[in-house]
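Reading the structure
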Amino acid sequence: MKQVADSETKEILKIARESLALPGDFVELGCYEGDTSLLFAELLRETGSDKKLWIYDSFEGLPAKTSEDESAAGENFQEGVLAVTKREVKLRFLRAGLPVPIIKKAWFKDLTAADLPETIALAFLDGDLYQSIKESLALVEDKMAEGGVIVVHDYNNPELPGVTKAVDEWLIKKPFKLVQKDSLAIIKLV
Ligand SMILES: C[S@@+](CC[C@H](N)C(=O)[O-])C[C@H]1O[C@@H](n2cnc3c(N)ncnc32)[C@H](O)[C@@H]1O
């Protein structure tokens, strides 16, 4: 099932296109079935870019919510939902005739700097929950290229209050600036 609205996808792809000029690779933490990953791969192929795409997921669905995720609006997003296999995602790339990205199956908390590229031009963070976004931000923050962009999905989504909380808490302590809100937090190094 589609997780990212068409209007959001359009905005994400616009940012991805702009990020092609920057050093570094594209990263997606929380790829699920790979809908957005496929679009990133298509963009890289269409433009002849030598950037690599790195995508990550537990492939076991969401972890448990923490108190920060509690919301009257959101009884969805329970532990274990959004599970898909790594193989299914890989097959989607093969069927589309696109290069298979670097796909890592892991809980974000178990990833280290060595699991990510040296430099990141664009990081798309779509882990839905407070801890997942907090862990994703910690993984990418020191790797962003100058001018690199972090896009966080579900910012200001009342069903997923943990996303906004994780981003806002992190922004207080880091030299990054939020340049756009609504459902996408677009964050740049300042
Ligand atoms: C909303 S879906 C991602 C949708 C995808 N970005 C897209 O464009 O279609 C969220 C994904 O994040 C993964 N996820 C959330 N928290 C995670 C964590 N802490 N570690 C690993 N994967 C996680 C879930 O397994 C799920 O597949």
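Residues numbered from 1 in each chain as written. Predicted model: local features only at pLDDT ≥ 70, side-chain atom pairs only at ≥ 80, totals over all residues.

Among the five residues of strand E1 (residues 25-29), five are classified as buried, and the element is accordingly described as predominantly covered. The alternating pattern of E1 places Asp25, Val27 and Leu29 and Phe26 and Glu28 on opposite faces, both of which are buried. As paired elements, E1 and strand E2 (residues 53-57) share four bridges and run parallel to each other. Paired with Phe26 across the two strands is Leu53, which belongs to E2. Crossover connection from E1 via helix H2 (residues 35-46) to parallel E2: handedness right-handed. (Buried ≥ 20, exposed ≤ 12 C-beta atoms within 10 Å, placed from the backbone. Helix = DSSP H or I, 4+ residues; strand = E, 2+ residues; numbered from the N terminus. Pairing = 2+ DSSP bridges. Right-handed = clockwise from strand over helix to strand, strands pointing away.)

Another point: the packing of helix H4 (residues 130-140) against helix H5 (residues 161-173). Close contact between H4 and H5 brings their axes to 7 Å; oriented N to C, the two are set at 35°. Considering the relative orientation of H4 and H5, their crossing is right-handed. Contact with H4, carried on its side by Tyr130, Ile133, Lys134 and Leu137, involves Gly162, Val163, Lys165, Ala166, Val167 and Trp170 of H5 and no other residues of that element. Residue classes in the contact of H4 with H5 are distributed as seven nonpolar, one polar and two charged. (Axes fitted to C-alpha atoms, helices over the stretch in contact; angles between N-to-C directions. Left-handed = near helix turned anticlockwise from the far one by under 90°. Contact = placed C-beta atoms within 7 Å. Nonpolar A, V, L, I, M, F, W, Y, C, P; charged D, E, K, R; others polar.)

Bringing the environment of Leu29 into the picture now. Residue position: Leu29 is located in strand E1. Taking the number of C-beta atoms within 10 Å as the measure of exposure, Leu29 has 25 and is therefore buried. Along the backbone, Leu29 and Phe77 are 48 residues apart, and their C-alpha atoms lie at a distance of 17 Å. Look past the residues within four positions of Leu29 in its chain and what remains in contact with it is Tyr56, Phe108, Leu125, Asp126, Gly127, Ser136 and Leu139.

Our focus in this paragraph is the sheet that holds strand E4 (residues 120-125). Read across the open sheet, the seven strands follow the order E3-E2-E1-E4-E5-E7-E6; overall the sheet is mixed. One side of each edge strand has no neighbouring strand; the edge strands of this open sheet are strand E3 (102-105) and strand E6 (176-180). For this sheet the average axis-to-axis angle between neighbouring strands, irrespective of direction, equals 20°. Taken together, the five bridges between E1 and E4 define a ladder with parallel strand orientation. Across the sheet, residue Leu29 finds its bridge partner in E4, namely Leu125. Along the sheet, H2 contacts E1, E2 and E4; its crossing angle with E2, the most-contacted strand, is approximately 175°.

All right, on to the nonpolar core then. Within the largest apolar cluster, 43 residues are counted, with the highest numbers of intra-cluster contacts made by Ala123, Leu125, Ile133, Val140, Ile150 and Val152. Tallying contributions element by element places E4 first for this core, with six residues. Ala123 has contacts with Val27, Val140, Met144 and Ile150, leaving out every residue within four places of it along the chain. (Core = buried A, V, L, I, M, F, W, Y, C linked by C-beta atoms within 7 Å.)

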